Amino acid sequence: MLDVLFKIKNSPAHTQMCFCFSLQCVGEENWVDSRTIYIGHKEPPPGTEAFIQQRFPDNRIVSSKYTFWNFIPKNMFEQFRRVANFYFLIIFLVQLIIDTPTSPITSGLPLFFVITVTAIKQGYEDWLRHKADNSVNQCPVHVVQHGKVVRKQSRKLRVGDVVLVKEDETFPCDLILLSTSRDDGTCYVTTASLDGESSHKTYYAVQDTKAHSTEEEVDSIHATIECEQPQPDLYKFVGRINIYMDNEAVARPLGSENLLLRGATLKNTEFIYAVAIYTGMETKMALNYQSKSQKRSAVEKSMNSYLVVYLCILISKALINTALKYVWQADPNRDEPWYNDRTETERQRHIVIRAFTDFLAFMVLFNYIIPVSMYVTVEMQKFLGSYFIMWDDEIFDEESEINSVEYVFTDKTGTLTENNMEFIECCVDGHVYVPHAICNGQLMPGAAGMDMIDTSPGPEVHEELFFRALCLCHTVQVKEEETVDGIKHGIHQGKSTSFYISSSPDEVALVEGMKRLGFTYLRLKDSHMEILNREDEIERFELLEVLTFDSVRRRMSVIVRATGELYLFCKGADSSIFPRIISGKVDQVKARVEHNAVEGLRTLCVAYRPLTPEQYQEVCHLLNGAKLALQDRDKRLAEAYDIIEKDLILLGATAVEDRLQEKAADTIESLHKAGMKVWVLTGDKMETAAATCYASKLFHRNTQILELTTKRTEEQSLHDVLFDLSRTVLRQHGNMTRDTFSGFSGDCTDYGLIIDGATLSAVMRPTQEDSNSGNYKEIFLEICRNCSAVLCCRMAPLQKAQIVKLIKTSEEHPITLAVGDGANDVSMILEAHVGIGIMGKEGRQAVRNSDYAIPKFKHLKKMLLVHGHYYYIRISELVQYFFYKNVCFIFPQFLYQFFCGFSQQPLYDTAYLTLYNISFTSLPILLYSLIEQHINMDILKKDPSLYRDIAKNSLLRWPIFIYWTVLGVYDAIVMFFGAYFLFDNTTFTSNGQMFGNWTFGTLVFTVLVFTVTFKLALDTHYWTWINHFVIWGSLIFFVVFSLLWGGIIWPFLNYQRMYYVFMQMLSSGPAWLSIILLITASLLPDVVKKVICRAMWPTTTERIQVSAYTYIPLSMYLPPTNWEITKTCIYDSAVVTPKLSQDTFQIEQV
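What you see is a predicted model, and the numbers here were worked out from it, not measured in a lab.

Caption draft 1: Representation of the overall build of the chain in the model. The helix and strand inventory of the chain stands at 38 helices and 46 strands. Residues counted as buried form 52% of the 1150 residues belonging to the chain. Restricting the contact set of the chain to residue pairs at least 6 apart, pairs at least 24 apart contribute 71%. Split by element, the accessible area of the chain, about 51900 Å² in all, is 57% carbon and sulfur.

Put into structure tokens, the structure is as follows:
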């Protein structure tokens, strides 16, 4: 193949064409061409290939969204794409164009406020991004030019530049490693800023350039690099380097082991030389900046639904008033009274145009029923609320859909478990060895001596071969005593020792386990691996090939040469090793593997294959052909590995323990009590995963396990198995799903389902012969609905996402949450409504793609049961309250039209119309949405069942929305007609002076502001000095503003219809009395309703609130048998004194 390629490259026709390769990115169907990079910008030798200089971007990173010039137009365009903002813009333009009853300021000022606040927030955030970009782009880098090292800014770096990077420096762009300060051409790198892995990874220089260790030698390199165009996958890279020696090109493969990514840091290597291949926004790190898809919360969907309803109400009001206006004007005396003659132009205007103009005028008059400020308040609540949740040391990121979660999907390894591996035992041909307990290189306290469980003589040849295999088949690095990231490693009892590091904690545990069993891995030097055996002799093995681990094969191999003999050592999951075994004590080892899996241990099998020189040459040919391929390299490598890793001889198996995380079981139990269903999705084998599920209390001892696995479907058809399981669960529950039961009801059997990846694939895509057997997905979902917990084992990452999507798009459309810690969990995290990343040992890819980040699984309990509960209570009150207070605000305006001949006369003054939502009523609800705590935080954590009160978006359902709307209409009727009947007595003041329409409107508005503010005060449970300041301060501000607005002649006003109106109203005794009576009458029904409902049908939350001040059930907090009547204890800052009743405590607040 290479000969053909070189003939093409050397042909004259090549000068007329661009040399391209088709590359297919894994998981994508798009095809991209390659790029050619000239190292040091040197032209290739004459006659080899055409010099076609390609244009590449500079190394400038741009994470900002706006520039100084496009900020205003771009930001305005984005803001007016929102329906609410666009609607108010249209209303504002209508007020400018036609003669409307209210000033354009009444709509323009709130809209301007909303747009301005949002623009300032987004502008500030973008300014911070600009600032961060500049600090990165101006960072100095060292570049080799003409045999010398020059210094330039990072943003000026170009593709093809040869860069010098020193220890602890960060790579400025994506680089191909040419040479290092180490003789073997390796360097060590940490990628913590990319994927969170703090372990040192090994990267390799190009074999033919690794000896170039000075600037002059590096500058003499004459080569070109052909590689794929930029792709966002951090772990995939395909390319090759053509090195010209005596005008002859030598091709070498390039892979991810040669690629140093921007953002990674050089460690424990003095310096490296590397060539830039991707710069600026084409680096893999920059390509991963792409924004995640927008997730719409249930609250936002409810808001939009309510907005549509209120928009229909608005249009209906405008249509009714327009029709009634023309009914009213059917009488000529009403149509054109003597004091208001029309102009000739008005008389000649067509009635349709007049009606349309009147309709628009009524739309403008009533448009305040649509709460434009609600959107900016919700945005501010999210923005400010994110700081409240960030100040919680346990949780990061802002609040979104953490309320009403119904399904929790969790990974196992590193999420439920610690991913902190402890070597337990190994089994060689049925003989079990248990060394000291080793946990990631550290001796466990209390461990002593080596214990051989099976004392019968073992096969010494296989035993030592097994130990050597584990000492060789890995990617562990050995570090001597040194300071790494400020921490001293490798010191044991005052003596300098070595320590192991690896990207896989399993490998460290295995190598340390072998060390305790007498075989110590020393180092990799000059392509030779050194082992210290039991006789303290050093054995050297030449490392020829490494067949790296991947999640599809689930195994890795090495090919080594020792004393002229060639061996392939392979280790991997039992499911990937046993089918390739041709000899060995398979039954004994398999039995031990199954035993360890039931105990919850992670098992690996180890095998080997001796190779002849001819077989090794064939292996080299296969691997080199696959590595040099630019097209489908991964596929060809997988095929080569499959051919090589066969005909294996089984040596034994290992077992390591991944301990359960602290409080993981308590967290899962709390989530169950809160009404959530927890599913575990893992790639582990069924027995191991099931043992972890029992330990974490996902399954209980009385749980009846239902299996939907390959083993069972081999005995029965999938159709029969599904229908058997369906009959089993429905026989117990009838036609009701488990959602109708409490998760811990003793009246029904507790079912748990186990399904594996292969069976799930069959369920999702039935075979042709099963296609007529019914809809398997629906039957599967029905079974799952009736199970309290589900375990999905042997799952591929894509299958995890498919499971989440299947539940998310089911008929009930439940809110889903996915939590994981590794790259294999990203797909399900992105698919779920809420994605949570755990900052574990498998990297930070999960965190980078999540909505939230938490340190441990146990923090999920607080985030959901406390922060999620508070957030939902606050945001639901905010949404309902905004619609309520706007109904109270506008419905009197609608009623007023019946008393002013539908003349579009406004009831309120322009200033009141403008400031009602901006100033008078905005701050109290904003503060409520930030700090309200209707129940103490500790109680929420102790009683997870309280979460059920907010399940399934319960506080934003239509009945509650209708109640708030009806309450608003009632309050509006009381305010309007109460003031109207009080105004029946026209001599309202002591001096006999009559009040006019502006005094009437001011009286209604005063009652309105006080009523809606008192309503919020009545709903507030958590009072602080800030609440008092904001709530009462808002009312004082309204009074002071009204006094100033009507008490001073303002020179900028053409007319001042409110002059002295407010003072005159307050000088009237009946006005004071009417304000008090109307506020009381407005609030009374809501208060009575709450009292009756709390007494007759209290919710769990209301019972807790009552018990906080009166009684607490004795059985919840104390064993009554050991309690003395005279004893007193302290509970939650309250003195708890037992009374004679056996059921309750009396609480006296301290």
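Picking up where we left off.
Caption draft 2: How the structure looks around the pairing of strand β38 (residues 751-756). Of all six residues that make up β38, six are buried, and the element is covered over most of its length. Where burial is concerned, the two faces of β38 agree: the one with Tyr751, Leu753 and Ile755 and the one with Gly752, Ile754 and Asp756 are both buried. Direction of pairing for β38 relative to strand β39 (residues 789-793): parallel, over a ladder of five bridges. By the bridge assignment, Gly752 is partnered in β39 with Ala789.

Caption draft 3: Up close: helix α25 (residues 797-808). With twelve residues, α25 extends 17 Å between its outermost C-alpha atoms, agreeing within 8% with the 16 Å of an ideal straight helix rising 1.5 Å per residue. Residues Gln799, Lys800, Ala801, Ile803, Val804, Leu806, Ile807 and Lys808 constitute the buried set of α25.

Caption draft 4: Quick look at the pairing of strand β11 (residues 239-245). Of all seven residues that make up β11, six are buried, and the element is covered over most of its length. Summarising the sheet, strand β10 (residues 223-228) and β11 pair through five bridges and their orientation is antiparallel. The residue bridging Ile225 from the neighbouring strand is Ile241, located in β11. Where β11 meets strand β12 (residues 248-254), seven bridges bridge the pair, whose relative direction is antiparallel. Bridging from a neighbouring strand, Ile241 pairs with Arg252 of β12. What sits between β11 and β12 in their antiparallel hairpin is a turn of two residues, with Asp246 showing a positive phi close to 55°.

Caption draft 5: Expanded view of the UniProt feature "active site" (unreviewed entry) in the chain. According to UniProt, the "active site" (unreviewed entry) feature falls on Asp411. Mapped onto the elements of the fold, Asp411 is located in the loop between β16 (405-410) and β17 (417-428). For Asp411, a relative accessible area of 3% corresponds to the buried category. With sequence-adjacent residues up to four places away left out, Asp411 is seen in contact with Leu416, Leu681, Thr682, Lys800, Val819, Gly820, Asp821, Asp825 and Met828. Here the side chain of Asp411 touches Lys800 through a polar contact of 3.3 Å, side chain to side chain.

Caption draft 6: How the structure looks around the sheet that holds strand β13 (residues 259-260). The strand order β5-β4-β6-β15-β7-β13 describes an open sheet built from six strands, whose pairing is antiparallel. Edge positions in the open sheet fall to β5 (148-153) and β13, since each of these has one partner strand only. For strand β4 (residues 140-145) and strand β6 (residues 162-166), the ladder comprises three bridges, and the chain directions are antiparallel. Directly across from Val143, in β6, lies its bridge partner Val163.

Caption draft 7: Quick look at unusual backbone geometry. Backbone geometry at Lys663 places phi at a positive 60°, although glycine is not the residue there. With respect to the helices, strands and loops of the structure, Lys663 is situated in the loop between β35 (648-660) and α19 (664-673). The class for Lys663 is exposed, based on a relative accessible area of 51%. In the Ramachandran plot, Lys697 falls in the positive-phi region, its phi being about 65° despite a non-glycine side chain.

Caption draft 8: Representation of the confidence of the model for the chain. Residues of the chain with pLDDT of at least 70 account for 79%, and the chain-wide mean is 77. Counted against residues more than four places away or in other chains, residues 483-496, with its pLDDT under 50, gives 19 contacts. Contacts from residues 735-747, a stretch scored under 50 in pLDDT, to residues over four places away or in other chains number 28 contacts.

Caption draft 9: Focus on the packing of aromatic side chains. Under the definition given, this model contains 57 aromatic pairs. Considering the side-chain rings of Tyr896 and Phe1000, the 6.3 Å spacing of their centres and the 25° angle between planes classify their relative orientation as stacked. With Tyr896 in helix α28 (residues 859-896) and Phe1000 in helix α33 (residues 997-1019), the pair connects residues that are 104 residues apart, well separated along the chain. A residue is classified by how much of its surface remains accessible, and Tyr896, at 9% relative accessible area, is buried. Overall, Phe1000 belongs to the buried group, its relative accessible area being 6%. Stacked on the ring of Trp964, the Lys or Arg Lys1015 has its end atom at 4.7 Å from the ring centre. In this structure, Lys1089 is placed above the aromatic ring of Tyr963, and the distance from its NZ or CZ to the ring centre is 4.5 Å.

Caption draft 10: Layout of the sheet that holds β10. Strand order in the open sheet formed by four strands is β3-β10-β11-β12, and the pairing between neighbours is antiparallel. Each end of this open sheet is capped by a strand with a single partner; those strands are β3 (34-38) and β12. Strand-to-strand twist in this sheet, taken as the mean axis angle between neighbours without regard to direction, amounts to 20°.

Caption draft 11: Here's a closer look at a nonpolar patch on the surface. Together, Trp1023, Trp1032, Ile1036, Val1040, Leu1044 and Ile1048 line one region of the surface with nonpolar side chains, adding up to about 520 Å² of accessible area. Assignment of secondary structure puts Trp1032 in helix α34 (residues 1025-1047). On the basis of relative accessibility, which here comes to 33%, the residue Trp1032 falls in the partly exposed class.

Caption draft 12: Fine view of the nonpolar core. If you look at the biggest cluster of nonpolar residues, it comprises 129 residues, and the most contacted ones within it are Leu860 and Phe1005. Considering every element that reaches this core, the biggest residue donor is α28, with 22 residues. When residues no more than four places from it in sequence are discounted, the contact partners of Phe1005 are Phe889, Tyr908, Tyr912, Tyr916, Phe920 and Phe1038. Residues Leu465, Val476, Leu510 and Tyr608 belong to the second largest nonpolar core, which totals 39 residues.

Caption draft 13: Structural context of the pattern of salt bridges. With the rule as written, the count across this model stands at 33 salt bridges. Taking the shortest distance from any N to any O, the salt bridge between Asp161 and Lys152 comes out at 3.8 Å. Judged by relative accessible area, Lys152 falls into the buried class, the value being 19%. Note that Arg785 and Glu782 form a salt bridge whose closest N and O atoms lie 2.9 Å from each other. Of the two residues, Arg785 and Glu782 both sit in helix α24 (residues 776-785), three residues apart, roughly one turn of that helix. A relative accessible area of 6% means that Arg785 is categorised as buried. If you follow the salt bridges from partner to partner, you end up with Arg555, Arg580, Asp642 and Glu645 in one network.

Caption draft 14: Up close: the environment of Gly1047. Relative to the helices and strands, Gly1047 is located in helix α34. The partly exposed category is assigned to Gly1047, whose relative accessible area is 34%. Each C-alpha atom, one on Gly1047 and one on Met1058, is 8.6 Å from the other, the two residues being eleven residues apart in sequence. For Gly1047, the residues in contact, after removing those within four places along its chain, are Tyr1059 and Met1063.

Caption draft 15: A look at the packing of helix α32 (residues 958-982) against α33. Relative to each other, α32 and α33 sit at 145°, their axes nearing to 10 Å. In this structure, α32 meets α33 at a crossing whose hand is right-handed. Along the contact surface, α32 presents Trp964, Leu967, Asp971, Met975, Phe976, Ala979 and Tyr980, while α33 presents Phe1000, Leu1003, Val1004, Val1007, Leu1008, Thr1011, Lys1015 and Asp1019. Tallied by class, residues from the contact of α32 with α33 come to eleven nonpolar, one polar and three charged.

Caption draft 16: Representation of the packing of helix α17 (residues 613-628) against helix α18 (residues 633-644) within the structure. Where α17 meets α18, the axes come as close as 8 Å, and the angle between the chain directions of the two elements is 165°. It follows from the interaxial angle that α17 and α18 lie roughly antiparallel. Where α17 crosses over α18, the handedness of that crossing is left-handed. When α17 is examined against α18, the residues Val619, Leu622, Leu623, Gly625, Ala626, Lys627 and Leu628 are found in contact with a partner set consisting of Arg633, Arg636, Leu637, Ala640, Tyr641, Ile643 and Ile644. Grouping the amino acids of the contact of α17 with α18 by side-chain chemistry returns ten nonpolar, one polar and three charged.

Caption draft 17: Just the side chain of Ser1082, in detail. Note on placement: Ser1082 falls in helix α36 (residues 1069-1096). The class of Ser1082 is buried, set by a relative accessible area of 1%. Apart from residues lying up to four places away in sequence, Ser1082 is in contact with Tyr970, Asp971, Val974, Met975 and Thr1011.

Reading guide: rules and limits
- Residues numbered from 1 in each chain as written.
- Predicted model: local features only at pLDDT ≥ 70, side-chain atom pairs only at ≥ 80, totals over all residues.
- Heavy atoms only, no water.
- Helix = DSSP H or I, 4+ residues; strand = E, 2+ residues; numbered from the N terminus.
- Buried < 20%, exposed > 50% of the residue type's maximum accessible area, 1.4 Å probe, protein only.
- Contact = heavy atoms within 4.5 Å.
- Areas by Shrake-Rupley, 256 points an atom, 1.4 Å probe, with all protein chains shown as cover.
- Pairing = 2+ DSSP bridges.
- Expected span 1.5 Å × (residues − 1).
- UniProt positions renumbered as here; feature names shortened; annotations may be inferred.
- Polar contact = N/O pair within 3.5 Å; in protein donor to acceptor, adjacent residues only side chain to side chain.
- pLDDT = per-residue confidence, 0-100.
- Phe/Tyr/Trp six-rings, centres within 6.5 Å; stacked < 30°, edge-to-face > 60°.
- Lys NZ or Arg CZ within 6 Å of the ring centre and 35° of its normal.
- Axes fitted to C-alpha atoms, helices over the stretch in contact; angles between N-to-C directions.
- Patch = residues over 30% accessible without salt bridge, like charges linked within 9 Å, V, L, I, M, F, W, Y side chains within 5 Å.
- Salt bridge = Lys/Arg side-chain N within 4 Å of Asp/Glu carboxyl O.
- Core = buried A, V, L, I, M, F, W, Y, C linked by side-chain atoms within 4.5 Å.
- Left-handed = near helix turned anticlockwise from the far one by under 90°.
- Nonpolar A, V, L, I, M, F, W, Y, C, P; charged D, E, K, R; others polar.
- Parallel < 35°, antiparallel > 145°, perpendicular 65-115°, else oblique.

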